[in-house]
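Observations on the three-dimensional arrangement
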Amino acid sequence: MPNSAAEKYDVLVLGAGPGGLAAAVSAHENGARVLLVERERKLGGILKQCVHDGFGLMRFKERLTGTEYAQREIDRFHALNIDVVTESFVVDIQPTDGTYLVTTQSAAGMCRYECKAIILACGCRERTSRQVFIHGDRPAGIFSAGTAQYFVNIQGKMPTKKCVILGSGDIGLIMARRLTLEGAEVVGVYEIKDAPAGLSRNISQCLNDFDIPLHLSTTVTEVFGQERVEAVAVEQVDKNFQPIPGTRQVIDCDALILSVGLLPEIELPNMLALPIDPATKGPVVDQTMMTKAAGVFACGNVLHVNDLADWVSVSGEAAGRSAAAYCTAPRTWNDNATALQYERGDFLYALPQYFDPTASEPLTLYFRSREDVAGKRVTLDLGGEKAAFSKKYRRLIPSEMEAVTVKEAASGTVYQLTMHN
Amino acid sequence: MEMICIVCPNGCRLEVTGTGDDITVTGALCPKGVDFAHTELTAPLRSLTSTVATAFPLVPRLPVKTRGEIPKGKMHEAMAQIRAVRVTKPVKVGDVILADVFGTDIIATGNAGEVAA
Ligand SMILES: Cc1cc2nc3c(=O)[nH]c(=O)nc-3n(C[C@H](O)[C@H](O)[C@H](O)COP(=O)(O)OP(=O)(O)OC[C@H]3O[C@@H](n4cnc5c(N)ncnc54)[C@H](O)[C@@H]3O)c2cc1C
Ligand code: SF4
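Calculation criteria
Residues numbered from 1 in each chain as written. Chains lettered and ligands numbered in written order. Predicted model: local features only at pLDDT ≥ 70, side-chain atom pairs only at ≥ 80, totals over all residues. Heavy atoms only, no water. Domains from an automatic or database assignment. Helix = DSSP H or I, 4+ residues; strand = E, 2+ residues; numbered from the N terminus. Buried < 20%, exposed > 50% of the residue type's maximum accessible area, 1.4 Å probe, protein only. Near = heavy atom within 4 Å. Nonpolar A, V, L, I, M, F, W, Y, C, P; charged D, E, K, R; others polar. Polar contact = N/O pair within 3.5 Å; in protein donor to acceptor, adjacent residues only side chain to side chain. Areas by Shrake-Rupley, 256 points an atom, 1.4 Å probe, with all protein chains shown as cover. Salt bridge = Lys/Arg side-chain N within 4 Å of Asp/Glu carboxyl O. Lys, Arg positive; Asp, Glu negative; His and termini not counted. Contact = heavy atoms within 4.5 Å. Pairing = 2+ DSSP bridges. Axes fitted to C-alpha atoms, helices over the stretch in contact; angles between N-to-C directions. Expected span 1.5 Å × (residues − 1).

Quick look at the domain arrangement of chain A now. Entries for chain A in the domain assignment read domain 1 (1-125 + 263-329), domain 2 (128-260) and domain 3 (337-421). On a C-alpha basis, the centres of domain 2 of chain A and domain 3 of chain A stand 35 Å from each other.

As structure tokens, then:
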């Protein structure tokens, strides 16, 4: 039972990864009284386990590891003496008459907080084996690349001696290298599609550098073993992902590591019944990062899965700014906001899904192409005389997100993204 | 010959023609890609990231990296040195954990011990 009266804040930031840290700092700097809520003991989110480098080139003009990037954001956050509670799990969010009542669960019991605005910064989660179809038993030794990363980098425990990696997502590629360096044998990375899901640089530096083979158009079709994984069967597939007879091979291993993609963590958005975009799999927002629930903002991987933490920080700053502005000048969702139009055949997704011409926040648009294309032009029409943005891209690939910031104010009667020659 | 520049996440596809010092690199979005192709063909270098054991129960592993780069062929040897380390005193980001490993230092990329927060 909630014991004492709810503590009052302007803004509650839920989740302390790079998105939440940037959001908390920017809401604070824009005058809001902020509380950051995190379920784990330490701040930093998923970056705590990302010991590899490639972070921060945009934000700090330096090549940092995920842990260094997180520490910079944490130091900046602590220097401002912003309130924070850790080991506090958000279990309920109730809209109450223009404010929100947030309930957290911690070792000390339940706590309640009342706030004017909320920033959802709860990140993403990995697709699990339940979302991948494999025949056979479910012995121990089937786990996600993120779980393997947690074991090795946080706990210092080796979860495998000899493994197969299913899926060519970046975390899987990074773990292939990490496990190899720690003495495990990575037999190969198997990808059902005919192109890798991860960044080219990770194929190069994580697989090729260590002679780990990447098998495209190949998947795991069966797992063997009673208590623990003993072997897996792999088969090549045709264009319709159907196994090609005669290509089956059985590989001895003690683990099957899944790197089959990430999904926004929408547990908290669902508590508020927020509309979800089927393309991004995250809540729908306007360019201020406000969801369709007035006063509820979102940033980072809960909105869409980013490949660079730097962009997560950028979206956190926008959400923080907007949430602080909302506290002094509350507004409702603008039903006349213009919905983003684009061809699903050209773009995997694009967001923010709405442009509100009455809101002052400049527009930063994020998109991914559906296919690997070269020499295409992408144009954004915001209803002005000239296109708000137009650029010819040497190459666009689904695994690399593109972002565009539009400084010029525009009528916003049209909000359309097109890809053409 | 084609190679991927691994200097930044752009991962430019470089097309390299010629031999020795007399090579032409196309496809690089910035000059670092050209430098990368040159070293890659002469004496390839890599940065290495890992973790070391600590004596602190709440933070059993400390993340570390090479300050600079080491020869690509020395990664496993460097790992053997890293694996032998156990940190017992508090450290913070940037502290040297192991000096002079193939011409560079192994430094902490996280905090551990009393300064950890
Ligand atoms: C396993 C894994 C590895 C990744 N590796 C990379 C990588 O190598 N490079 C890269 O650029 N990106 C990587 N990503 C993507 C990465 O998540 C983003 O780059 C970035 O860290 C996302 O920041 P965020 O703040 O949106 O979310 P996160 O960093 O995931 O932070 C979300 C925070 O919210 C907290 N939270 C969630 N729900 C609740 C709740 N109900 N109550 C309280 N707190 C809650 C979580 O504990 C967490 O601390 C990885 C993602 C995963 C899952
Ligand atoms: S050439 Fe420049 S932009 Fe391209 S990957 Fe290398 S460092 Fe990055």
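Right, picking up where we left off after that structure.
Let us now look at the domain arrangement of chain B. Along its sequence, chain B is organised into domain 1 (2-42) and domain 2 (49-108). Centre-to-centre separation of domain 1 of chain B and domain 2 of chain B, based on C-alpha positions: 29 Å.

Attention shifts here to unusual backbone geometry. All names here are of chain A. Omega for the bond connecting leucine 351 with proline 352 falls within 30 degrees of zero, at 5°, which places this linkage in the cis form. A positive phi angle, close to 50°, is found at asparagine 81, a residue other than glycine. Position of asparagine 81 relative to the elements: it lies in the loop between α2 (66-79) and β5 (83-85). For asparagine 81, a relative accessible area of 64% translates into the label exposed. Phi is positive for aspartate 211, close to 55°, though the residue is something other than glycine. With respect to the secondary-structure elements, aspartate 211 resides in the loop between α5 (200-207) and β14 (214-215).

Another aspect to go through is the site of ligand 2. Close to ligand 2 lie Cys5, Val7, Cys8, Asn10, Gly11, Cys12, Ala28, Leu29, Cys30, Lys32 and Gly33 of chain B. Grouping the amino acids of the shell around ligand 2 by side-chain chemistry returns seven nonpolar, three polar and one charged.

Here we take up the site of ligand 1. All names here are of chain A. Taken together, 33 residues surround ligand 1, and among them Gly19, Glu38, His52, Asn301 and Asp307 come closest. Glutamate 38 places a side-chain nitrogen or oxygen 2.6 Å from an oxygen atom of ligand 1. Notes on ligand 1: free accessible area 980 Å², of which the protein chains cover 95%. Taken together, the elements giving at least two residues each to the shell around ligand 1 come down to α1 (18-29), β6 (89-96), α3 (145-155) and α7 (309-328).

The next thing to look at is the pattern of salt bridges. Residues and elements named next belong to chain A. By the definition in use, this model includes 24 salt bridges over all chains. The salt bridge partner of glutamate 222 is arginine 248, with a shortest N-O separation of 3.2 Å. Taken together, the residues glutamate 222 in strand β15 (residues 218-224) and arginine 248 in the loop between β16 (231-236) and β17 (249-252) connect sequence positions 26 residues apart. The partly exposed category is assigned to glutamate 222, whose relative accessible area is 24%. Between aspartate 307 and arginine 368 there is a salt bridge, with its nearest N and O atoms 2.8 Å apart. Of the two residues, aspartate 307 sits in the loop between β20 (296-298) and α7 while arginine 368 sits in strand β24 (residues 363-369), which places them 61 residues apart along the sequence. Under the relative-accessibility criterion, aspartate 307 is labelled partly exposed at 26%. Taking the relative accessible area as the measure of exposure, arginine 368 reaches 8% and is therefore buried. One network of salt bridges, with partners in common, ties together Arg59, Glu73, Arg76 and Glu317.

A few words on the side chain of glutamate 235 of chain A. Residues and elements named next belong to chain A. Topologically, glutamate 235 is positioned in strand β16. For the buried glutamate 235, which has no salt bridge, the nearest side chain bearing the opposite charge is arginine 248, at an N-O separation of 4.3 Å. Among the polar contacts made by the side chain of glutamate 235, one reaches the side chain of threonine 221 at a distance of 2.8 Å. When residues no more than four places from it in sequence are discounted, the contact partners of glutamate 235 are Ser217, Thr218, Thr219, Thr221, Pro243, Ile244, Thr247 and Arg248.

All names here are of chain A. Strand order in the open sheet formed by three strands is β26-β25-β28, and the pairing between neighbours is antiparallel. The sheet terminates laterally at β26 (389-396) and β28 (416-420), the two strands that pair on one side only. Averaged over all adjacent pairs, the angle separating strand axes in this sheet is 25°, with direction ignored.

Let us look at α2 of chain A. Residues and elements named next belong to chain A. A rise of 1.5 Å per residue sets the reference length of α2, with its 14 residues, at 20 Å; its end C-alpha atoms lie 20 Å apart and thus fit the reference within 8%. Within the sequence span of α2, burial applies to Gly66, Thr67, Glu68, Tyr69, Ala70, Gln71, Glu73, Ile74 and Phe77. Asparagine 81, located one to two residues past α2, shows a positive phi value of around 50°.

Residues and elements named next belong to chain B. In terms of burial, strand β10 (residues 104-108) is a largely internal element, five of the five residues being buried. Pairing between strand β6 (residues 61-66) and β10: three bridges, direction antiparallel. Note on β10: the bridge partner recorded for threonine 66 is isoleucine 106. Sheet analysis places strand β9 (residues 96-101) next to β10, joined by three bridges and oriented antiparallel.

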